[in-house]
Amino acid sequence: MSFEDSINAYFVTTGTVDDRSSSKCADLETAFSHLCEHIAEENIRRINAIDGFPLIASGQLTKKDVFIFDQFEGDFFKQLQLTKSLIIGSRCLINCLINSLPVPLGTSPIYTTAMRDLHICATGIPVDQKERVRTYIQWMGGYYFQNLSRPVTHLISNTIKSTKYEHATLNGIPVMHVDWVQRVWERSSVDDVAATDEEFDKYKLPIFFGTNITCTGLETDKKNEVNMKLKTFLS
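Residues numbered from 1 in each chain as written. Predicted model: local features only at pLDDT ≥ 70, side-chain atom pairs only at ≥ 80, totals over all residues. Heavy atoms only, no water.

### What to know about the sheet that holds strand β7 (residues 154-157)
- The four strands are arranged β6-β5-β7-β8 in an open sheet whose pairing can be described as parallel. Both outer strands of the open sheet, β6 (143-145) and β8 (175-176), are each paired with one neighbouring strand and no more. (Pairing = 2+ DSSP bridges. Helix = DSSP H or I, 4+ residues; strand = E, 2+ residues; numbered from the N terminus.)

Rendered as structure tokens:
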């Protein structure tokens, strides 16, 4: 969606008065200032989350109604997802306006754009953790898939012992530790970063991750050499 379109924008504050000095509220103010340069001020409203329920009850919200949240939480946020309106975070709005980019496509609310254009699959992760990972990926503008049949750009895994891992390594698909998603979420919530930035390379899954390796029948010098190489792979 382009912000040059005719939209109705609602800037939603979810916290209490005591929270209004937080960095999230500062981001919301920055996003408000940027949007005022693109659309008429009469199409922009500020509301508290607790006062937004009548908008839902009206049953008249459309995809032209854009809600910009300081943070994704609360009953209003949850109920708003059942409407046709667009839900984004202040970091997403700031990034899109500064870089003249549309909001990433999808059916999920989008808080940041750190995973824009990334297609991600996961393996070896508990079901409850996988659901949280899926949510964060979508909230960062990425796409989550259950299998590797689609053009996946990254695989998330906590193990090297899976068919998906073998497929990914054979096809040159980067395999990332699950902590990658959590860290990108934390960083992109406060700064303009991309999940593929060099600072996140340390979350690439080591080749021998989670394995126990022993050497036998080797001379001491050769064993030390193997040990040093393994440390390099595992670091």
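### Description of the pattern of salt bridges
- By the definition in use, this model includes six salt bridges.
- Linking R91 and D27 is a salt bridge whose minimum nitrogen-to-oxygen distance equals 3.2 Å. With R91 in helix α4 (residues 90-98) and D27 in helix α1 (residues 23-35), this residue pair connects regions lying 64 residues apart in the sequence.
- Using a relative accessible area of 11% as the deciding quantity, one classes D27 as buried.
- Notably, a salt bridge pairs R183 with E186, separated by 3.3 Å at the nearest N-O pair. With a gap of three residues between them, R183 and E186 both fall in helix α7 (residues 179-188), about one helical turn apart.
- Residue E186 is classed as partly exposed on the basis of its relative accessible area, which comes to 39%.
- Salt bridges here are not isolated pairs; linked through shared partners, they connect R187, D191 and E199. (Salt bridge = Lys/Arg side-chain N within 4 Å of Asp/Glu carboxyl O. Buried < 20%, exposed > 50% of the residue type's maximum accessible area, 1.4 Å probe, protein only.)

### Notes on the nonpolar core
- Ranked by internal contacts, the top residues of the largest apolar core, which has 38 residues, are F67, F69, F76, M115, I156, W180 and V181.
- If you list the elements that add at least two residues to this core, you get β1 (8-13), α2 (53-57), β3 (65-69), α3 (75-80), β5 (119-123), α5 (127-139) and α7.
- Sequence-distant contacts of W180, that is, excluding residues within four places in its chain, are made with M115, L118, I120, H154, I156, A195, F200 and Y203.
- With 20 residues, the next largest nonpolar core counts L28, A31, C92 and C96 among its residues. (Core = buried A, V, L, I, M, F, W, Y, C linked by side-chain atoms within 4.5 Å. Contact = heavy atoms within 4.5 Å.)

### Let's talk about unusual backbone geometry
- For S100, which is not glycine, the phi torsion reads 55° and is therefore positive.
- One can find S100 in the loop between α4 and β5.

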